[in-house]
Structures are given as structure tokens and as C-alpha cells.
Amino acid sequence: MQFDRYRSIYPREELMSRLAGIRHVALDMDGTIYMGMSLFPWTNPFLEGLAGIGVTHSFLTNNPSKSIADYLGKLSRLGVAATGEQMYTTALATIDYIRTQWPGARRLFLLGTPSMVSEFERAGFEPTADSADDVPDVVVVAFDMTLTYARLCRAAWWVSQGVPYVATNPDRVCPTDERVVLVDCGSICRCIEHATGRRPDITLGKPDPNMLTGIERRYGLRPDQIIMTGDRIYTDIEMAHAAGAFGVLVLSGETTLDVADAAPRQPDLIVENIGVLGELLREAHGVR
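Residues numbered from 1 in each chain as written. Predicted model: local features only at pLDDT ≥ 70, side-chain atom pairs only at ≥ 80, totals over all residues. Heavy atoms only, no water.

Q: So what exactly am I meant to see when it comes to the overall build of the protein chain here?
A: Broken down by element type, the protein chain carries eleven helices and 16 strands. For a compact globule of 288 residues, the expected C-alpha radius of gyration is about 19 Å, and the protein chain comes in at 19 Å, within 12% of that figure. In terms of overall dimensions, the protein chain has C-alpha extents of about 65 × 35 × 35 Å along its principal axes. A burial count over the protein chain gives 52% of its 288 residues as buried. In the protein chain, the proportion of contacts linking residues at least 24 apart, taken out of those at least 6 apart, comes to 70%. By element, 52% of the accessible surface of the protein chain is carried by carbon and sulfur atoms, the whole surface being about 12,600 Å². With 27 positive and 36 negative side-chain charges, the protein chain shows a spacing of 2 Å between the two charge centroids. (Helix = DSSP H or I, 4+ residues; strand = E, 2+ residues; numbered from the N terminus. Rg over C-alpha atoms; globule rule 2.2 N^0.38 Å. Buried < 20%, exposed > 50% of the residue type's maximum accessible area, 1.4 Å probe, protein only. Contact = heavy atoms within 4.5 Å. Areas by Shrake-Rupley, 256 points an atom, 1.4 Å probe, with all protein chains shown as cover. Lys, Arg positive; Asp, Glu negative; His and termini not counted. Charge placed at Lys NZ, Arg CZ, Asp CG, Glu CD.)

Quick look at the structure:
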């Protein structure tokens, strides 16, 4: 199929009708609004355009390695204004899940960065020590850029002992503008699986729909009034499908058009970047 800045599974008239009903845009971060420490030039004009048509937005990230304060600080340094209420990370999703599923759990083995551990501590949890005598209530495995071999082995031990096991996100790699592969949570979990034969009891984050259903409740919206936009078919777009939201794939990050074409379930809309999405939304809402 031909591609010229955007492509949709809907005829243009139906596409415009669906976009006219959008009231909120949930934005992936890495690969969508920035890459590494480089803000895309279309990001702030896009956010300003949303405000101009009365469409709210939030930032969703599968990266739990930074706290909400860290993310707000990064966005501020990049020149993006945001509030804590607009942020939802998989660390917060994991905290909410543990509170619901294991309300008595307090002591966790946390395979994650110090920033992530601080989020759990602020939520009232206690990290266990790297000791076979310090038994956790739950094991949490995340994207850990401070990973050490000893702690990986300890996590695998508790997993092998049948302790409840939660993964924060399924991502194999984290997008970066550096010349390196950032091994993400999904790859760490595969390592543990190969060693123990056990997969996580649940993998949160995109494509799990819980993050989008939380936005529905927070803003009082229906799924068809929400756009989920991101650069990955297997997380962002699959979550949109799972939640019944409108899925927009951007080609500014991980996914190429060839990869998108091969996906068994197509996005509702594919765009070069969120700048193109902004143009379409303004047109659909009657603003040029």
C-alpha cells in the first residue's frame, strides 16, 4: 500500500469522523515525543494544538526505571510542561496491581533501579535484601540499568521457589539515540525463564489494557474517545486493540513501515510522527 505521511484502515470520511470524537490522547514517550535526550521538533506544537481543540493528554511509559519526579524533570529539561497527574508509568501500574491482588504484601524483591525502588518505598513497600534468608512477598522484575549478576541470580532463586512474580513491562529493548542496545525487562525475564522454566505470573505495562482503563476512569471517557499513540506494534498498538481505543502508530521510533505492514492486526492509523496526527486532529475538529 502507498504511504504519504499517513495511512488509515478507514476511508478518509470515516477517519475524520472517528478523529472528531477524540477527547484524549495517551502518549507513549520514548520514540514518540522524544528519542533518548532529543526532543522531536513537532512535540510541543502538537501538545499546543491539542489544547487548542480541547483535547487532553497524558504520558504513558513502559519504562519504570525512573520515578515520576525523574520524568517530570526530564520533560522540563527538554522543554515540555507536564504535571504529575499526566504521568503514568508501569511502576505505578505494578504498585496498583500488587495492592489489589496481594493486599497483605509489604516486602518485595525489586529488580529495578534506585529510582524505581524509591517509588515503591513511597507507596509503603519495603525492599528485601539480597539474602536467601529475607523472603519476599512478591518478586518484581523491571527494566534495570543497574542490574548486577548477583541480584539477577537472587531474583531467579525466588522465582524458582514459587514466590508471586510480576514483570513491569514486556519490552525487549528500550529505544535510544545512543549506539548501544538497551536490554529491557522482557529480555531480562526471558533470561530468568531460561534459568527457572517459569514466566511472570503477569506482565503489566503495554499491551496490558490496565493503563488505558485507568485513563478512562480518570477522565470519564469511553474507549473510542481515546487515542493511544506510540512507536511499537507489540505494546502501544496491541494495548489500543485490547482496550478498544483508537490506535495510532508513529514511525519516529522503533517500528518501520515494513514491520507495520507485516503485523497481524493493523493500527487504526499510521503517521510519520505526531505532528501529522496533530494536523489530522485539528482538521477533524474544524480547526486549520
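Q: Any chance you could explain the packing of helix 2 (residues 43–52) against helix 11 (residues 274–284) here in plain terms?
A: A pair of packed helices is characterised by two quantities: the angle between their axes and the separation of those axes. Where helix 2 contacts helix 11, the two axes come as close as 9 Å, and the packing angle between them is 20°. The angle between the axes of helix 2 and helix 11 places the two elements in the roughly parallel class. For helix 2 against helix 11, the interelement crossing comes out left-handed. Counted together, Thr43, Phe46, Gly49 and Leu50 of helix 2 and Ile274, Leu277, Gly278, Leu281 and Arg282 of helix 11 form the full contact between these two elements. Residue composition of the contact of helix 2 with helix 11, grouped by class: five nonpolar, three polar and one charged. (Axes fitted to C-alpha atoms, helices over the stretch in contact; angles between N-to-C directions. Parallel < 35°, antiparallel > 145°, perpendicular 65-115°, else oblique. Left-handed = near helix turned anticlockwise from the far one by under 90°. Nonpolar A, V, L, I, M, F, W, Y, C, P; charged D, E, K, R; others polar.)

Q: What is the right way to read helix 11 from this model?
A: It helps to recall that an α-helix has 3.6 residues per turn; residues three or four apart then point in one direction. With eight of its eleven residues buried, helix 11 lies for the most part within the structure. Turning to helix 11, its buried residues number three or more, namely Ile274, Gly275, Val276, Leu277, Gly278, Leu280, Leu281 and Ala284. For helix 11, the N-terminal capping position is held by asparagine 273, with its side-chain oxygen 2.9 Å away from the main-chain nitrogen of glycine 275. Phi for glycine 286, located one or two positions after helix 11, is positive at around 80°. (Polar contact = N/O pair within 3.5 Å; in protein donor to acceptor, adjacent residues only side chain to side chain.)

Q: When you look at the packing of helix 6 (residues 149–160) against helix 7 (residues 185–196) in this model, what are you seeing that I'm missing?
A: Where helix 6 meets helix 7, the axes come as close as 10 Å, and the angle between the chain directions of the two elements is 55°. Comparing their axes, helix 7 and helix 6 come out oblique. Viewed along their axes, helix 6 and helix 7 form a crossing whose handedness is right-handed. Residues Leu152, Ala155, Ala156, Val159 and Ser160 of helix 6 form the contact with helix 7, whose participating residues are Ile188, Cys191, Ile192 and Thr196. Of the residues in the contact of helix 6 with helix 7, the class split is seven nonpolar, two polar and no charged.

Q: What is the right way to look at the state of the cysteines in this model?
A: In a disulfide, the sulfur atoms of two cysteines are held together by a covalent bond. A complete count under the given rule lists zero disulfides for this structure. Sulfur of cysteine 185: no disulfide; nearest cysteine sulfur belongs to cysteine 189 and is 3.9 Å away. The buried category is assigned to cysteine 185, whose relative accessible area is 0%. (Disulfide = S-S within 2.5 Å.)

Q: Would you take a moment to explain the packing of aromatic side chains for this structure?
A: Aromatic ring pairs are reported here in terms of the distance separating the ring centres and the angle at which the planes meet. The tally for this structure, following the rule as stated, stands at four aromatic pairs. Between tyrosine 10 and phenylalanine 246, the aromatic rings sit 6.2 Å apart at their centres with planes inclined by 25°, giving stacked as the arrangement. Taken together, the residues span a long stretch of sequence, with tyrosine 10 in the loop between strand 1 (6–8) and helix 1 (12–20) and phenylalanine 246 in strand 15 (residues 246–250) at a distance of 236 residues. Overall, the relative accessible area of 18% leaves tyrosine 10 in the buried class. Measuring from ring centre to ring centre gives 5.9 Å for tyrosine 97 and tryptophan 102, while their planes differ by 75°; the resulting arrangement is edge-to-face. (Phe/Tyr/Trp six-rings, centres within 6.5 Å; stacked < 30°, edge-to-face > 60°.)

Q: Mind showing me how you'd approach the pattern of salt bridges here?
A: Scanning all chains against the criterion turns up 18 salt bridges. Residues arginine 12 and glutamate 283 are paired through a salt bridge, measuring 2.3 Å at the closest nitrogen-oxygen approach. In this pair, arginine 12 is assigned in helix 1 and glutamate 283 in helix 11, connecting sequence segments 271 residues apart. You can call glutamate 283 partly exposed: its relative accessible area is 26%. Residues joined in a network through salt bridges with shared partners are Arg5, Glu272 and Glu279. (Salt bridge = Lys/Arg side-chain N within 4 Å of Asp/Glu carboxyl O.)

Q: Looking at this model, I keep getting lost on the nonpolar core. Mind explaining?
A: For soluble globular proteins, nonpolar side chains are generally found buried alongside one another. Formed by 34 residues in total, the largest nonpolar core has its most connected members in Leu19, Val25, Phe46, Phe59, Ile227, Phe246 and Leu281. Secondary-structure elements contributing two or more residues to this core are helix 1, strand 2 (24–27), helix 2, helix 3 (68–78), strand 15, strand 16 (269–271) and helix 11. Sort the elements by how many residues they give to this core and helix 11 lands first, with six residues. For isoleucine 227, the contacting residues outside a window of four places in its chain are Leu19, Ile22, His24, Val25, Ala26, Phe246, Val248, Leu277 and Leu281. Counting 18 residues, the second-largest nonpolar core is a separate cluster that includes Val139, Val163, Cys189 and Ile192. (Core = buried A, V, L, I, M, F, W, Y, C linked by side-chain atoms within 4.5 Å.)

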